[in-house]
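Structure assessment
Residues per chain, in single letters:
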Amino acid sequence: MAETIINTPSAEKPPRYLALKRYLPSMTKIVAGLPAMGKNLGITLASMLLFLLVWQLSSSYLYGVEAESRIQRVLEEQGPAEAAKMEACIASGDVSCKPNTLPSPSEVLNAGQLLLADHFVISADKAAFVEKTAAVNAQRKAAGQAAITYTGRPSFVDQIMTSLKTVAVGFLIALFIAVPIGVLIGLNENLRVAFNWFVQVFKPVSPVVWLLLVFMIVKTLTLGSDSDTSFLISAVSVGLCSMWATLVNTSLGVSSVNQDYINVARVLKLGIVKKIFKVILPSAIPLIFTGLRITVSVAWMVLIAIELLAQSPGLGSFVWEEFQNGANDSNAKIIIAMFVIGFIGFLLDRMMYFVQRTVSFT
Amino acid sequence: MSTPVIELRNVSVWYGEGDTRTEVLHNINLKIEEGEFLAIVGFTGSGKTTLVNLMTGLLKPSAGEVFYRGEPITGPSPERGIIFQNYSLLPWYSVYDNVALSVNQVYPDWPKAKRDEHIRKFIDMVSLTPATDKRPGELSGGMRQRTSIARVLATDPDLLLMDEPLGALDALTRGNLQSEILKIWSANRRTAVLITNDVDEGIFMADRIIPLEPGDRSGLGPEYRIKIDRPRDKKALNTDPHFKEVRTEILNYLVTLAEASKAERNESLELPDLKPIQPGTQSFSWLRRAS
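If you're wondering where the values come from, they're calculated on a predicted model, not measured in any experiment.

Right, let's get into the overall build of chain B. Check the secondary structure of chain B and you find nine helices and 10 strands. Over its C-alpha atoms chain B spans a radius of gyration of 24 Å, topping by over 25% the 19 Å that the globule rule assigns to 291 residues. For chain B, the C-alpha atoms occupy an extent of roughly 85 × 50 × 40 Å along the three principal directions. The burial tally for chain B puts 49% of its 291 residues in the buried class. Contacts in chain B between residues at least 24 apart in sequence constitute 68% of all its contacts with a sequence separation of at least 6. When the accessible surface of chain B is summed, it comes to about 15200 Å², and 51% of that surface belongs to carbon and sulfur atoms.

Within the structure shown, the criterion is met by two cavities of 30 Å³ or more. If you add up the space inside the largest cavity, you get close to 110 Å³. Among the elements of the structure, helix 8 (259–267) of chain A together with strand 6 (80–83) and helix 4 (141–153) of chain B are those that each provide at least two residues to the lining of the largest cavity. Among the residues forming the lining of the largest cavity, the class breakdown is seven nonpolar, three polar and one charged.

What follows is about the sheet that holds strand 8 (residues 191–196) of chain B. All names here are of chain B. Strand order in the open sheet formed by six strands is 6-7-8-3-9-10, and the pairing between neighbours is mixed. Only two strands of the sheet have a single partner each, and these edge strands are strand 6 and strand 10 (224–225). One ladder, built from five bridges, connects strand 7 (residues 159–163) with strand 8; its direction is parallel. Bridging across to strand 8, Asp163 finds its partner in Ile195. Here helix 1 (residues 48–56) sits on the sheet in contact with strand 3 (37–41), strand 6, strand 7 and strand 8, set at roughly 155 degrees to strand 7.

All names here are of chain B. Bridge count for strand 1 (residues 6–15) against strand 2 (residues 22–32) is seven bridges, and the pairing is antiparallel. Opposite Val11, over in strand 2, you have Ile28 as the bridge partner. Remark: six residues form the turn of the hairpin made by strand 1 and strand 2, two consecutive strands paired antiparallel; Gly16 in that turn has positive phi of roughly 80 degrees. Summarising the sheet, strand 1 and strand 4 (residues 63–68) pair through five bridges and their orientation is antiparallel. Residue pairing across strands places Ile6 opposite Tyr68, the latter belonging to strand 4.

Further remarks concern the pairing of strand 3 of chain B. Residue and element names in this part refer to chain B. Where burial is concerned, most of strand 3 is hidden: five out of the five residues are buried. Residues Phe37, Ala39 and Val41 line one face of strand 3 and the alternating positions Leu38 and Ile40 line the opposite face, and both faces are buried. One ladder, built from five bridges, connects strand 3 with strand 8; its direction is parallel. Its bridge partner lying in strand 8, Leu38 is registered against Val193.

Looking now at the environment of Ser218(B). All names here are of chain B. Tracing the sequence through the fold places Ser218 in the loop between strand 9 (208–211) and strand 10. For the pair Ser218 and Thr44, spaced 174 residues apart in the sequence, the C-alpha separation amounts to 12 Å. Apart from the residues lying within four places of it in its own chain, the contact partners of Ser218 are Val24, Leu25, His26, Ile28, Ser46, Leu212 and Glu213. A polar contact is formed between the side chain of Ser218 and the backbone oxygen of Ser46, at a distance of 2.8 Å.

Of the residues lining the interface, 18 residues belong to chain A; the matching set on chain B comes to 21 residues. Buried area between chain A and chain B, summed over both chains or domains, comes out near 1800 Å², and the portion from carbon and sulfur atoms is 65%. Interface area lost by chain A to chain B is led by Val267(A), Leu268(A) and Phe361(A), which between them contribute 33%. One can count zero salt bridges joining chain A with chain B. Applying the counting rule to chain A against chain B returns five residue pairs in polar contact (both at pLDDT 80 or more). Every element with two or more residues in the side of chain A that touches chain B is listed here: helix 8 and helix 9 (272–310) of chain A.

Before going further, it helps to spend a moment on the nonpolar core. Core analysis: the largest hydrophobic core is formed by 94 residues, its most contacted members being Phe156(A), Ile6(B), Leu8(B), Ile28(B), Leu30(B), Leu51(B) and Met55(B). Residue contributions to this core peak at 14 residues, all from helix 9 of chain A. Three or more residues apiece are contributed to this core by two domains, here domain 2 (103–151) and domain 3 (154–359) of chain A. Those residues in contact with Met55(B), other than ones at most four positions away along the chain, are Ile6(B), Leu8(B), Leu30(B), Ile32(B), Ile40(B), Ile73(B), Arg80(B), Leu161(B) and Val193(B). Counting residues in each nonpolar core, the second largest holds 49 residues, with Val41(B), Ile83(B), Tyr87(B) and Ala100(B) among its members.

Let's shift gears to the pattern of salt bridges. Residues and elements named next belong to chain B. On inspection of all chains with the given rule, the structure shows 19 salt bridges over all chains. The shortest N-O distance in the salt bridge between Lys48 and Glu164 comes to 3.4 Å. In this pair, Lys48 sits in helix 1 while Glu164 sits in the loop between strand 7 and helix 5 (171–188), placing the two residues 116 residues apart along the sequence. One exposure class covers both Lys48 and Glu164, and it is buried. Among the ionic pairs, Arg247 bridges to Asp200, the shortest N-O distance being 2.5 Å. Note that Arg247 is positioned in helix 8 (residues 241–265) and Asp200 in helix 6 (residues 199–205), a separation of 47 residues in sequence. For Asp200, a relative accessible area of 25% gives the class partly exposed.

Residue and element names in this part refer to chain B. Looking at the secondary structure, you find Thr74 in the loop between strand 5 (71–72) and strand 6. What makes Thr74 exposed here is its relative accessible area of 67%. It is 9.4 Å that separates the C-alpha atoms of Thr74 and Leu59, two residues lying 15 residues apart in sequence.

So, on to the layout of surface pockets. With a probe scaled to a water molecule rolled over the atoms, the places where space remains empty come into view. Residue and element names in this part refer to chain A. Size it by volume and the second largest pocket reaches roughly 350 Å³. Along its surface, the second largest pocket is lined by 21 residues, and Lys98, Glu107, Ala327, Asn328 and Asp329 are the ones closest to its centre. Broken down by secondary-structure element, the contributors of at least two residues to the lining of the second largest pocket are helix 1 (27–78), helix 3 (105–142), helix 10 (315–325) and helix 11 (330–359). Residue classes in the lining of the second largest pocket are distributed as 10 nonpolar, six polar and five charged.

Attention shifts here to the packing of aromatic side chains. In total, this model carries 15 aromatic pairs over all chains according to the counting rule given. Here a set of aromatic residues connected by ring pairs shows up, and it is made of Phe195(A), Trp197(A), Phe198(A), Phe202(A), Trp210(A) and Trp244(A). For Lys165(A), the ring lying beneath its charged end belongs to Phe231(A), and the centroid distance is 6.0 Å. The aromatic ring of Trp110(B) is capped on one face by Lys114(B), whose charged end is 4.1 Å from the ring centroid.

The next thing to look at is the sheet that holds strand 1 of chain B. All names here are of chain B. The four strands are arranged 2-1-4-5 in an open sheet whose pairing can be described as antiparallel. Strands with a single pairing partner mark the edges of an open sheet, and in this sheet they are strand 2 and strand 5. This element, helix 1, spans strand 1, strand 2 and strand 4 of the sheet and lies at about 125 degrees to strand 1.

What follows deals with unusual backbone geometry. Notably, Asn27(B) is not glycine yet its phi reads approximately 50 degrees, a positive angle. A positive phi angle, near 65 degrees, is found at Tyr87(B), a position not held by glycine.

Basis of the calculations
- Residues numbered from 1 in each chain as written.
- Chains lettered and ligands numbered in written order.
- Predicted model: local features only at pLDDT ≥ 70, side-chain atom pairs only at ≥ 80, totals over all residues.
- Heavy atoms only, no water.
- Helix = DSSP H or I, 4+ residues; strand = E, 2+ residues; numbered from the N terminus.
- Rg over C-alpha atoms; globule rule 2.2 N^0.38 Å.
- Buried < 20%, exposed > 50% of the residue type's maximum accessible area, 1.4 Å probe, protein only.
- Contact = heavy atoms within 4.5 Å.
- Areas by Shrake-Rupley, 256 points an atom, 1.4 Å probe, with all protein chains shown as cover.
- 1 Å grid on protein atoms, 1.4 Å probe; cavity = no way out; pocket = protein on both sides within 12 Å on 5 of 7 lines; lining within 4 Å.
- Points joined across faces, edges and corners; volume = space filled by probe spheres on them.
- Nonpolar A, V, L, I, M, F, W, Y, C, P; charged D, E, K, R; others polar.
- Pairing = 2+ DSSP bridges.
- Axes fitted to C-alpha atoms, helices over the stretch in contact; angles between N-to-C directions.
- Polar contact = N/O pair within 3.5 Å; in protein donor to acceptor, adjacent residues only side chain to side chain.
- Buried area = accessible area lost by both parts, 1.4 Å probe.
- Salt bridge = Lys/Arg side-chain N within 4 Å of Asp/Glu carboxyl O.
- Core = buried A, V, L, I, M, F, W, Y, C linked by side-chain atoms within 4.5 Å.
- Domains from an automatic or database assignment.
- Phe/Tyr/Trp six-rings, centres within 6.5 Å; stacked < 30°, edge-to-face > 60°.
- Lys NZ or Arg CZ within 6 Å of the ring centre and 35° of its normal.

If you want it as structure tokens, here you go:
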């Protein structure tokens, strides 16, 4: 007869997912904070309403000024009959004679809905295209030819995605350049002196000029290739513009490690590699992440300007095209883009803040 | 006589040069013998930390020489372990990792399991097993200092240096830790140096006490041998006539010196003859002359 084997767990270990709890706010804390949160929410909502009111009032005032000047001009150039016609036209709200000025909140909301609807139309179109070309593309692939890709107009959401991709690549470029250099110049006094003029002189350079510089270099490097370089140019420019905060903060963090920690490393005779990875870098991480957080904000901010100039797809070029084409809802779309840019920037900053809090020791 | 564990020969330390030169320690001569527990007492600012940094090798003397077992000290080394005044734990590591950092560094050849056992043994010795995975930020001052003690003792230093190890703790925790340090020390009786500003603590723990003169240009005062049998009882100490006598002597010595150095500073200083400048009354004659 076989013996029964009783499997007893030796020690109850808490499940691994419980370790995550450390990073999440506790329920009691949330409940205790509810009254204060409700109050803050109320204040925020009230100030938002006030903002909308001021916006509405100023847009209707500007609308009035614009309409007045339009009627006046027609009166002077074409006489009272035409002026009366123009007045009636404006009062009817017809698109052909709409005064072009700051759009009201409701107009902006409409434009937002239009953009979203447009996105669904375009993505349906894209899906249909992919389905239609699937067979042909399979054949072309088998024959070793390049696949046919969708070349239609990108939707607003596509533009947002492109911008996010650009800023992500730009941020990674900044990270991989600024952190290692920052650590090196933080460690060595001579290197710090050698780099100082460089940082001081190039830090304040405008994004536009960086773009031109990157353009000069990338243009020559990609000679002969017919690939689209505008994405590369804008990503590298974003990286170069935004890396300075990380560079300066990293070198500061590395060079200002508490002398007590350095003494511990000295007494233990830690080797240079161990000293950097076990003492200096952990101590500098809060400052490095402060730098990275600034870098993300700056990257997102300069991205719009750079896309606008580099003619690379994204939110920046969306804004520029809307400004150029002067359609009756262009202004409203620009305002929508403004809100989207602001909100994404806010989300990116929150994200970095969360990462910073998780990796810092305090 | 055998070579002293630490010997300071005509050591002086100063900062700055010329007029701004401040001498912290002046002409120190000291020999620390094998297995003894030496306490150095002094007021804050008398150069106690400077003195202990000379022994660790973190600081080089401006004049004179420091020897460790007959060899001049060229730099710090784990065999002269130090318990820092402000604990100096690495805040991003847990208690275990803080101790592990020094154990891994000093015993790199040991198998992992042996190191782990060793680390846990020392954490247990300072009664911190429940807090093994906690970070210094989550510990009380006393627990932090215990971690720091475990970190140093786990490397089995040949000489144990303590720089006001209990200075930042409350009186109760202080008393407990004093007894604990003594208990751990008496297990293998390594040479130990305690730097403290508390004369009672010095007498309770040490075999020999040397006061450090207060103020700048500190030198060492006369040494006092403590002839109280170990293990010592803190409560009984208060009524011990020898304890009272030594305590009074050392306190008198320090206080008299402190008064004297204060009196020195009371000399009347001649003030520079300066006249205040009224705004708007300055003439720019030198400018006009130049043009």
